[in-house]
Every structure is written in structure tokens, then in C-alpha cells.
Amino acid sequence: MTAVEDRPKTEIGAARKRKEDQRLITGRTKWTDNIQLPGMRHLAMVRSPFAHATITGIDTSAAKSSPGVLAVLTGEDVKDIQGGMANAWPITEDQKAPVHPAIAVDHVAFAGEIVAVVVARSAAAARDAAELVDVDYDELPPVLDLKEAAKDAVLAHPSLGTNKSAFWQFDSAGAGTGGPVDEAIEKARADGIVIEREYRQQRLIPAFMEPRSVVCDPTGEQLTIWTATQVPHFVRIFTALVLGIPESKIRVIAPDVGGGFGGKLQHTPEEVIAVLAARHTGKPVKYTETRSESLLSGHHGRDQWQKLTLAATKDGTVTGLKVDLLADMGAYLGLVTSGIPVLGAFMFNAIYKFPAYQFNCTNLFTNKTWTDAYRGAGRPEATYAIERLMDELAAEVGVDPLEIREKNWIKHEEFPFTTVAGMTYDSGNYEAATARARELFDYDGLRREQQERRDRKDPVQLGLGVSTFTEMCGLAPSRVLGALRYAAGGWEHATVRMLPTGKVEVVTGTSPHGQGHETVWSQIIADKLGVPFEDVEVLHGDTQIANRGLDTYGSRSLVVGGQALVMAADRVIEKAKPHAAHLLEASVDDIEFSGGQFKVKGTDKGKAMAEVVWAAFSSHDLPEGLEPTLDADATYDPVDFSFPHGTHLCAMEVDTETGQVSMRKYVCVDDIGNIMNPLIVEGQVHGGLVQGIAQALWEEAVYDDQGTLVSGSFVDYTLPTAADTISFVTDNTVSPSTTNDLGAKGVGEAGCIASTPAVVNAVVDALRPMGINDIQMPCTPERVWKAIRSAGSDQADATTGDAQPHFDAGAPNQAPPDPSSSASAEGADQ
Amino acid sequence: MTRINVTVDGVGYEDEVEPRTLLVHYLRETLGKTGTVVGCDTSNCGACTVHLDGRSVKSCNVLAVQADGHEVTTIEGLAQDGELHPMQRAFHDCHALQCGYCTPGMIMQAIDVLNDNPHPSEEQIRVGLEGNLCRCTGYHNIVKAVQQAADEGSTAGASAGATAGGAQ
Ligand code: FES
Ligand code: FES
């Protein structure tokens, strides 16, 4: 063991620089696309240019005779062996879903769907030949707009007979967690405040930086699949289920993976096709998507219309919230597509004590790329809606947005608190986080400046946006997932292997792709077992090594996977105690373990962990009944979710002459429970913030009226750059979680969930004196400018006007929008 | 096929390439220099950034034949004798990478920014990195890392890389 002078007292909580970095900053990386195998062939996909069509014929002869081409596969060729892509979350018993073939057979339902595959000697030869595949289509009318889809006039899948996949409801009166929401709304209409709004969650693209890539090697006994995925264990199970291959014959490896954000939480047609092509040719094959293919056919995120009714008393105490969602599934149901909006169902009530709540969601098919998890998954949508509404309520009552929140939020002494959505929040202190954020932000000073600018009619107005968010992390207690009809559980697994030379291998079922698990898991083990940080090696992402696991998403890795690790480490210690007792000639009951030493109580006699490990390894002198190993593993099923929260404050400057918005300041104080590594936490927050800010200001997946994705490259899908963003002020308050031993809550999605409403609230706050109370996301200069131009005219605000008709008693959720308001500029891109 | 002579990370290579071969594909596929990666097909992301005769270029936007007779430095050639380049160290120190996919290009571009302007303001750093996308870090720590490398560069002799781009 090496002694390092500046070793922190405890590893947990130290700002350890990451172990992962060394290989990543020197280019010594293992991305899937780096893999070269002897005899490897390359794939190119032929994709439908039409959003909706029947395939009437495919001529592959020219492609087949192109140089270096081994095979061209069509849906017709593989229709009996390709199965259908799986949906793991049928949210209702009668959920409808079309069959989803990896290669379309006779019907394509979105532009970008794969209709044929070329297998060739090089990637370039495959692409050249793909150009020669001649596909005849009969175009069908596509349904692209979500509200149109709800009418069932044009069908995304005519064979399904409807565009409705499922309807899902949570009602607090029915669940016994609160009162009837309609009564609360009626009462508020009579003598209180009713806020009715309709918000748009635009379609987004996860846009991880590493395009997806898959290599499949069919040689040898086990089929080996390397894939750029967040979920190697899922890919293994679903490869087995979809293709009918015994799971024991499949090994899946996620090597270095370049980001995911939910976008790599999928089992993809391309992964299935790689297996089909490898088995067909008997050769290893590789497929790496281009960025354009990635944007077109990797799953998208968000895409909802949210109709919201908030009821309150005149003083601004909320008495009820009703939510009606239309959620765009796109053309198919991916792995968890259908469940994404449902993940938001428990979060619309956020940090507040609402006495009545109802959530209604209609999942609809359209002829667009299918949607699925994107960072936050359901929770950003919920947080956006409620945090925008709380600002609207504050404006209506005429008080500061922070005041209205404080009036309604759960007080710190009220934890644990069971909400109207039936969730029990473990711990939190909204007062403390808010006080700290106010101070760092200079809230009062900026409010004064805002007033000054208003008074002097400055063309550049200042807006302050608030978002006091919470989220549910640590997916998930298996019993809850079962109750929600999700196919799998939510546990996680860890193994601790004590190597003879005193080094430690940790095997985790989580599958990091940028989160720094190798570093943090090492910190945890260093503290638990008293071994140096450097002596811990973390292994993951290979089903042959990490045979049990449920992978990385939903801010689950630390709170679920970390807890499994703690339990495995505790078992190592318990296993080692009789060994140590034997070496020390003492009774097991007298053995204590701390700081890497087994000691006999009340004496200074002791043995270091490494000595005990060696003795167990050599096992020359083991007492009867003791196993010659200290290795241990644990599988942990979380008892409950954890609920991190935070107060985010944003100052935006809005040029009322040009519509240009620019961020002046952003402060966030997050309470994510105990912090394992502040460096990594801060990084997660920064990255999340920019993704959330990007939804507010820049990003949108836009289709034209033919169903062609027009934001299909990085020229048009505008990810923020360094020049678009600012440096942030971040801090933390700490309310340890009570649902795991680490006291941790999860931070991966926090920034992304909280920042979107903070930014839009700030933009709207700047313009509210002009009578503006909403701008649809992304708040581009054009939209802001148009809102300013039309403000004060008799033209009603677009989204507000749109919302009202639907809320007439008894009106169906899918009522068509008021045609006069759907002509708003903001709706033009749908 | 066209014959080219290129020096990559200090080693000379002579190869026959298809004229349409992009430099990034030549580096990755012919030379096995997989440290340099591809992130897009429209020259927007900068993941493929390398130095050509000491200046940053997007290697997806250069043909291999255009590198004939020139010197290329990739992320793999930056560390000298096991000693990290100050920009690599700064990225590590400041947690300026998460998944690390943008990192090779980002580091090569960051070095170029400091070569142009050894003492940039935050604004100048941000504009200098505009052609490189990162989806993980929100840029905050990347900017910090470039600031750290710039500060180190001003202390005598601490940084070879702030001047010459490493292995040149
Ligand atoms: S790969 Fe060269 S700029 Fe994106
Ligand atoms: S670190 Fe992942 S894209 Fe930059």
C-alpha cells in the first residue's frame, strides 16, 4: 500500500479528480467505432425518405453487384426471423402499439425508417451500394401534428385503426391521496383564482456527441455485441427476446460510451440488424451512424401539449391542479416510450402542498421518429408546467414569485411528507436552498435594477426567473415499477473482489458513459474498506464481467448502485472478521473493523485488510467452515425514491427592439443529499443546466409538412456552443437522503429539469408589463420579437387563447384547438 | 489511388489513399489513430480537430491528400515522454470532460486558441471554442481549464504547449 501525503481524511466528499480522465485526454479510448476485427464487414442502411408509405417493391440487384458487397437484406428477407422491437412499458392493459420491425417489410411510418441494409467490405463501399438500392413507395398521408393525431382523421398506422396508444390517469380522489380536483376548480371559479394555460414541450433530440455504433462478432460460441449504449444488460435481454437467441449465447459490451442523456437507453433496430447481418454472413460486422442518421432515427424526446388548470384561493394558496397531456409517441413505442409522460405524473405537484390533483395523459402516434427517454424524462415537463404556473399565480395575486412558492411549499419540519401524488419525500429544506440562492444571486438588487429599467423604459429589459424544483431519483423500487406495469425491476448489483495482492476489483451493474462511476465507486470503497483510492479498479459494461445489472439512467446509479456497493463491502468485512479473529487468536465478537484494520477490542492487536486477504487466499491455515475467499456481492432493491431539490434563479436581458435574449446571471443551489464528489456534482449540474437552457432558448426538432426532419444536422439542430453560454454560480445545501446509507439523492438530471422554467420565467418576467404571459419554447429572437409586436394589440396571447376552450366542463381532452388561435406564429413549425 | 507522405505525431507515413478519403478517416482507419473521433457530417462539432502544421483544422474537412507533405499532430501526440501537455492537465484538473468524446478536439482547439492569444478573456475563450460542441459539460469547466492553462503559460517555462502545439 502506498501512503499518499495529501490523502483526504475521508474519500467520500473529496473533490477527487477523475480516474477516467487519463485515457480520455490522451486519446487512448475504446469507442465502439474504434473496433477493428479480422474479416470485419461494414453496414450501410437504406432509409425511407417518406414519413408514411407502403413499400411496393425493392430492387437490390444493382447494389448486390456493386464492388465489395456481400449481401443486401430487405425486410422481406428477414421478416420471419427479425421479430419485433420491444416495448418494456405497456402502461395500460389495453395499450395499442404497431409491430415494429427492425427492417420495414411493407409499410414505413417515419422518414428515416430502415428499409434495406447493405453488407460490404468497407463502410464506403456499403454506402456507395446503398445508393443503388431502388425502393418503390406508394405515399400515404402522414399525420404529424399531435392535435391532428388526436382527431384520428389521418392514421399513422392504418392497421391499428386509431392513433391513440393509451390513456393513463392519476386522480388524487380515487387514490385516496387528496380531494376531487374538479370540486376545487369549481370553488375557485366561484370565489378564488383559476389559472388556465396550455404549454408546449417541443420535440428535442438527445444529441449525445458520440454517434451510435454497434459491432457484432458471430464467431465463437457466444455472439459478442459491442454497442454505444447506456444499457448493455437490456440489450442482452432484448436481443435474446426479440431474436429468440438463448441469452446465455449473447455477450454485450458497452466500451467507452460518449454520452447518452437517455438517447442511448434503447434497444435499437440497428443493433438487431447488426446481429442479423453478422449471422447471415458469418463475419463480424460494424455499423456506425452518421450524425444526420443519428438525429433522424435515434429516438427523440419530450413533445407534449400540456393543458393545465390551477385552482387557488384569492391569497394564492393552491387548492388543486389538473393536468391534461397529449404526448407524442412518434411512429413506434421504443423501450420505455409510453412510460415517459407517466414518470412526470408524480411530479406536477412538485414541492407544494396541493390538496387535490389529477393527471390525464393520452399517448398518440404520429409519423415522426419515435420519442423516448431524454434527460429528465417526464420530470422536466412536469417541472416546467408547475413552475411556469406558479409564476402566473404570483402575477395574478400580485406578489413576488418566491413569496407564492413559499406560501405553498412543504416546510422543512414537515418531512417526510406524503404528497398528493402519493410519493413520500424523504428530506429537504426549501427555505435554506432558497435563502442561499437569493443571497448568491443578489435577488433584491436585481429586482431593483429591473424596476429602474422599467421606469426609464430601457429598450433592454431585465427579467428574473425562479424555479424551485424537485425530482424523483433512484429508479426505482421494483414494487413501484411493477405497479406501473413496467416489465423489469429497479434493483442494482455490485461485487467486491479482494485480490490477493491487496488490490480491489469492484464490479458494478451500472453502466457509466461520462458520469465518473470509476472515480466515485473507488472513493466509496476506499472509505468502506480502508484501501487506497488508487488500489480500486471499477469494472462495468460487459455482461460477461458484470453479469447482473440494470444499467445507468434516471439518476439511479449512485443511490441504487452505490447502495449495492456499500452492502457488498459490508459483507466483505463480515466475511473477513472470522478470518481476522483466527489470525489474531481472538473471538469473532471481539473483532472491530475501522480504517482498514481488524482490531481486537480493547487491545492494539490488529491485522490489516491486506494481510487478512492474503491469508484467505493462501488458505494454508483456515479453520474449518471458512471459505477461502472474502469476495462478496449484493443486489439492492431501493426501498423508495429520493427527492433532491433546488432553487434556481436566472436573470435574462431581453432587447425589446430585436427580440434578442441573453443570459446575464444564473445561480442554483441544489440539495442532492450527501455529496460524494463535489467536482463531479458540479459538472453534472453545469451540463444539465445547459441542456435545460437549450430547451428554453434554442433547440427544437422541426418537421416540415411532408414529415421530413428539417433540423436533421448540426447546422439546423442548434446545440449551444461555448459562445452561447455563460459561467454559472452553483452551490449546495445538504439534507441527507433517508432512503440509502450514503444519504445521496442523485444529481444527473437536476440541472436539466430545473433550468428550463427558470429561463422562460425570466424571459416572460421581463416582458410581463407589456401584457405578455407566455412565449413558446424555444424562445428564439423571432418568437420574442413577435410576442412583443403583438402585445397590447387585441390579438389574444396565442397559447392562453388556445387553452381556454378545452376547459369547458365536459369537453373532451382531445377537442380540436380553436382554429383562430392555432394560426399563431408559435404553432407554425408543428 | 494517390500516394501521400504525411508525418503524424512525429512518425512519417507513406500511403496510397483514395482521393476522396478524409483526413480523419485516414488517421483512424489507415493509421489506427483512433484518439481522433468523428462527431458529425457537417463540420459543426469539432470532435475531429487536429493540428496541421501547428494550426487547428477539422480533419473531417480536409482530404488526406491535402495533408501530403505536411505534419499532423493529434491528441495522441500531445503528451511528451509520458508528461501530459499543460492543456491536458488543465482539463483533468478542472473536470473539463465527462464522457470525453469531444475532448480530443476540444483540447486541440483550446491549444490553438492560446497559440493565437496567450491571455484571452473569458469571452475570447468562448468565441475561440465556438466550433467545438460538447454535450456534457455545459462548457463552464472547459473555459476554466483554458484559463488555467493560460495562467500557467505565463509562468516561465511551464508550458511548451501554449506556444507550439505539442509535438510539432
Ligand atoms: S466530425 Fe469534424 S467537425 Fe464534426
Ligand atoms: S465531455 Fe461529453 S461531449 Fe464533451
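Residues numbered from 1 in each chain as written. Chains lettered and ligands numbered in written order. Predicted model: local features only at pLDDT ≥ 70, side-chain atom pairs only at ≥ 80, totals over all residues. Heavy atoms only, no water.

Quick notes on the overall build of chain A
Right, on to step 1. Secondary structure summary: chain A contains 24 helices and 28 strands in total.
Right, on to step 2. The C-alpha radius of gyration of chain A comes to 28 Å, within 12% of the 28 Å expected for a compact globule of 830 residues.
Right, on to step 3. For chain A, the computed accessible surface area is about 27,700 Å², with 50% contributed by carbon and sulfur atoms.
Right, on to step 4. Mean positive and mean negative side-chain charge positions of chain A (74 and 113 charges, respectively) differ by 3 Å. (Helix = DSSP H or I, 4+ residues; strand = E, 2+ residues; numbered from the N terminus. Rg over C-alpha atoms; globule rule 2.2 N^0.38 Å. Areas by Shrake-Rupley, 256 points an atom, 1.4 Å probe, with all protein chains shown as cover. Lys, Arg positive; Asp, Glu negative; His and termini not counted. Charge placed at Lys NZ, Arg CZ, Asp CG, Glu CD.)

Notes on the pairing of strand 1 (residues 41–47) of chain A
All names here are of chain A.
Right, on to step 1. Burial of strand 1 is extensive: 7 of the 7 residues sit out of reach of the surface.
Right, on to step 2. Here strand 1 shows no split at all, with Arg-41, Leu-43, Met-45 and Arg-47 on one side and His-42, Ala-44 and Val-46 on the other all buried.
Right, on to step 3. Strand direction decides the pairing type here: strand 1 and strand 12 (residues 285–288), joined by 2 bridges, are parallel. When the sheet's bridge partners are listed, Arg-41 is paired in strand 12 with Val-285. (Buried < 20%, exposed > 50% of the residue type's maximum accessible area, 1.4 Å probe, protein only. Pairing = 2+ DSSP bridges.)

Overview of empty space enclosed by the protein
All names here are of chain A.
Right, on to step 1. Going through the model one piece at a time under the given rule, you end up with 11 cavities of 30 Å³ or more.
Right, on to step 2. Roughly 130 Å³ of volume is contained in the second largest cavity.
Right, on to step 3. Looking at the second largest cavity, it is lined by 18 residues, and the ones nearest its centre are Glu-20, Arg-23, Pro-512, His-513 and Gly-514.
Right, on to step 4. Listing elements by their share of the lining of the second largest cavity, those giving two or more residues are helix 1 (21–26) and helix 17 (517–529).
Right, on to step 5. For the lining of the second largest cavity, the residue count by class is 6 nonpolar, 7 polar and 5 charged.
Right, on to step 6. Split by domain, the lining of the second largest cavity shows at least three residues from each of two domains, domain 1 (39–140 + 207–297) and domain 3 (491–636). (1 Å grid on protein atoms, 1.4 Å probe; cavity = no way out; pocket = protein on both sides within 12 Å on 5 of 7 lines; lining within 4 Å. Points joined across faces, edges and corners; volume = space filled by probe spheres on them. Nonpolar A, V, L, I, M, F, W, Y, C, P; charged D, E, K, R; others polar. Domains from an automatic or database assignment.)

Concerning helix 4 (residues 123–130) of chain A
Residues and elements named next belong to chain A.
Right, on to step 1. Along helix 4, the positions that sit buried rather than exposed are Ala-125, Ala-126, Ala-129 and Ala-130. Projected onto a plane normal to the axis of helix 4, the buried residues spread over an arc of 135° and lie on a single side.
Right, on to step 2. Elements in contact with the buried residues of helix 4: strand 1, helix 2 (61–64), strand 3 (69–74) and strand 5 (114–120). (Arc of directions from axis to C-beta. Contact = heavy atoms within 4.5 Å.)

A short note on the domain arrangement of chain B
All names here are of chain B.
Right, on to step 1. Domain assignment breaks chain B into domain 1 (2–77) and domain 2 (86–156).
Right, on to step 2. Computed over C-alpha atoms only, the centres of domain 1 and domain 2 are separated by 22 Å.
Right, on to step 3. Listed per partner, the contact involves 18 residues of domain 1 and 14 residues of domain 2.
Right, on to step 4. Summed over both sides, the interface between domain 1 and domain 2 buries roughly 1,200 Å², with carbon and sulfur atoms accounting for 52% of that surface.
Right, on to step 5. If you sort the residues of domain 1 by the area they bury against domain 2, Thr-49, His-51 and Ile-75 come out on top, with a joint share of 37%.
Right, on to step 6. Scanning the region where domain 1 abuts domain 2 turns up 2 salt bridges. (Buried area = accessible area lost by both parts, 1.4 Å probe. Salt bridge = Lys/Arg side-chain N within 4 Å of Asp/Glu carboxyl O.)

Comments concerning the domain arrangement of chain A
Many structure descriptions define interface size as the accessible area lost when the parts assemble.
Right, on to step 1. According to the domain assignment, chain A consists of domain 1 (39–140 + 207–297), domain 2 (165–205 + 299–475 + 640–789), domain 3 (491–636) and domain 4 (800–830).
Right, on to step 2. Using C-alpha coordinates to define each centre, domain 2 of chain A is positioned 22 Å away from domain 4 of chain A.

Here's the deal with the sheet that holds strand 23 (residues 597–600) of chain A
All names here are of chain A.
Right, on to step 1. Taken in spatial order, the 3 strands make up an open sheet running 22-23-24, and their pairing is antiparallel. Both outer strands of the open sheet, strand 22 (591–594) and strand 24 (606–608), are each paired with one neighbouring strand and no more. Direction aside, the axes of adjacent strands within the sheet are offset by 20° on average.
Right, on to step 2. The pairing of strand 23 with strand 24 spans 3 bridges and is antiparallel. Considered in strand 24, the bridge of Lys-599 is made with Gly-606.
Right, on to step 3. Those strands touched by helix 18 (residues 557–584) are strand 22, strand 23 and strand 24, and its axis lies near 55° from that of strand 23. (Axes fitted to C-alpha atoms, helices over the stretch in contact; angles between N-to-C directions.)

Quick notes on the confidence of the model for chain B
Regions with low pLDDT carry predicted coordinates that are not meant to be interpreted in detail.
All names here are of chain B.
Right, on to step 1. For chain B, the average pLDDT comes to 92, and 91% of its residues sit at 70 or higher.
Right, on to step 2. Across residues 155–168, confidence stays below pLDDT 50; counting only partners more than four residues off in sequence or on other chains, it has 30 contacts.
Right, on to step 3. With a pTM of 0.93, the predicted complex shows an ipTM of 0.93. (pLDDT = per-residue confidence, 0-100.)

Quick word on helix 14 (residues 430–441) of chain A
Residues and elements named next belong to chain A.
Right, on to step 1. The terminal C-alpha atoms of helix 14, which comprises 12 residues, lie 16 Å apart, in line with the 16 Å expected from a rise of 1.5 Å per residue.
Right, on to step 2. Taken together, the buried positions of helix 14 are Tyr-430, Glu-431, Ala-433, Thr-434, Ala-437 and Phe-441. The buried residues of helix 14 all sit within an arc of 165° when viewed along its axis, so they share a single face.
Right, on to step 3. Against the buried residues of helix 14 lie helix 13 (401–408), strand 17 (424–425), helix 15 (443–455), strand 18 (460–470), strand 26 (645–655) and strand 27 (661–671).
Right, on to step 4. Among the residues of helix 14, the N-terminal cap falls to Asn-429, whose side-chain oxygen and the backbone nitrogen of Glu-431 are separated by 3.3 Å. (Expected span 1.5 Å × (residues − 1). Polar contact = N/O pair within 3.5 Å; in protein donor to acceptor, adjacent residues only side chain to side chain.)

A short note on the side chain of A:His645
Residues and elements named next belong to chain A.
Right, on to step 1. The residue His-645 is located in strand 26 in this model.
Right, on to step 2. According to the relative accessible area criterion, His-645 is buried, its value standing at 1%.
Right, on to step 3. A polar atom in the side chain of His-645 sits 3.0 Å from the backbone nitrogen of Asn-429.
Right, on to step 4. Sequence-distant contacts of His-645, defined by excluding residues within four places in its chain, comprise Gly-428, Asn-429, Tyr-430, Ala-433, Phe-469, Thr-470, Val-669, Asp-670 and Asp-671.

Quick word on the pattern of salt bridges
All names here are of chain A.
Right, on to step 1. Evaluation of the coordinates by the stated rule reveals 66 salt bridges over all chains.
Right, on to step 2. With its nearest N and O atoms 3.2 Å apart, the salt bridge here joins Glu-518 to Arg-23. Here the residue Glu-518 occupies a position in helix 17, and Arg-23 occupies one in helix 1, the gap between them amounting to 495 residues.
Right, on to step 3. Residue classification places Glu-518 among the buried residues on the basis of a relative accessible area of 12%.
Right, on to step 4. A salt bridge links Glu-247 to Arg-236, with the shortest nitrogen-to-oxygen separation between them at 4.0 Å. In this pair, Glu-247 is assigned in the loop between helix 8 (232–243) and strand 11 (250–253) and Arg-236 in helix 8, connecting sequence segments 11 residues apart.
Right, on to step 5. Overall, Glu-247 belongs to the partly exposed group, its relative accessible area being 37%.
Right, on to step 6. Beyond isolated ion pairs, a larger network of salt bridges with shared partners links Arg-47, Arg-212, Glu-270, Glu-289 and Glu-293.

Description of the interface of chain A and chain B
Right, on to step 1. Contact with chain A, which involves 54 residues of that partner, is made by 42 residues of chain B.
Right, on to step 2. Both sides together, the interface formed by chain A and chain B hides about 4,100 Å², and carbon and sulfur atoms give 56% of it.
Right, on to step 3. Of all residues in chain A, A:Ile25, A:Met209 and A:Ala722 bury the most surface against chain B, accounting for 18% of the area lost on that side.
Right, on to step 4. At the boundary of chain A and chain B, one finds 4 salt bridges.
Right, on to step 5. A:Asp128 is the partner of B:Arg20 in a salt bridge, and the nearest nitrogen-oxygen pair spans 2.9 Å.
Right, on to step 6. There are 22 residue pairs in polar contact (both at pLDDT 80 or more) connecting chain A and chain B.

Comments concerning the layout of surface pockets
Right, on to step 1. Within this model, the largest pocket holds a volume of roughly 1,400 Å³.
Right, on to step 2. Contributing to the lining of the largest pocket are 47 residues, with A:Ala123, A:Ala124, A:Arg127, B:His25 and B:Glu29 lying nearest its centre.
Right, on to step 3. Elements represented by at least two residues in the lining of the largest pocket include exactly strand 1, helix 4 and strand 12 of chain A together with strand 2 (11–17) and helix 1 (23–30) of chain B.
Right, on to step 4. Taken together, the residues of the lining of the largest pocket break down into 17 nonpolar, 14 polar and 16 charged.

Notes on the environment of A:Glu270
All names here are of chain A.
Right, on to step 1. Relative to the assigned elements, Glu-270 resides in helix 9 (residues 269–281).
Right, on to step 2. Between the C-alpha atoms of Glu-270 and Ile-103, which are 167 residues apart in sequence, the distance is 8.9 Å.
Right, on to step 3. At 3.0 Å, the side chain of Glu-270 and the side chain of Arg-47 are in polar contact.

Describing the confidence of the model for chain A
Right, on to step 1. Summarising the model, chain A shows a mean pLDDT of 93, and 94% of its residues fall at 70 or more.
Right, on to step 2. Counted against residues more than four places away or in other chains, residues 794–830 of chain A, with its pLDDT under 50, gives 60 contacts.

Some points on the nonpolar core
All names here are of chain A.
Right, on to step 1. Core analysis: the biggest nonpolar cluster contains 145 residues, and Leu-43, Phe-348, Phe-359 and Tyr-666 have the highest contact counts within it.
Right, on to step 2. Looking at which domains feed residues into this core, each of domain 1 (39–140 + 207–297) and domain 2 (165–205 + 299–475 + 640–789) gives three or more.
Right, on to step 3. Setting aside anything within four residues of it in sequence, one finds Phe-348 in contact with Gln-306, Leu-308, Leu-321, Val-323, Leu-325, Phe-354, Tyr-357, Phe-359, Glu-381, Ala-382, Ala-385 and Ile-386. (Core = buried A, V, L, I, M, F, W, Y, C linked by side-chain atoms within 4.5 Å.)

Looking at the environment of A:Lys411
Residues and elements named next belong to chain A.
Right, on to step 1. Relative to the helices and strands, Lys-411 resides in the loop between helix 13 and strand 16 (417–418).
Right, on to step 2. Sequence spacing of Lys-411 and Tyr-352 is 59 residues, and the spatial spacing of their C-alpha atoms is 9.3 Å.
Right, on to step 3. Contact partners of Lys-411, with chain neighbours within four places excluded, come to Lys-353, Glu-406 and Glu-431.

Here's the deal with the environment of A:Trp31
Right, on to step 1. Topologically, A:Trp31 is positioned in the loop between helix 1 and strand 1.
Right, on to step 2. Taking relative accessible area as the criterion, A:Trp31 reaches 2% and is therefore assigned buried.
Right, on to step 3. Distance in space between the C-alpha atoms of A:Trp31 and A:Glu210 is 8.4 Å, their sequence separation being 179 residues.
Right, on to step 4. Those residues in contact with A:Trp31 that sit more than four places away from it in its chain are A:Leu24, A:Glu210, A:Asp256, A:Val257, A:Gly258, B:Thr34, B:Val37, B:Cys99, B:Gly100 and B:Tyr101.

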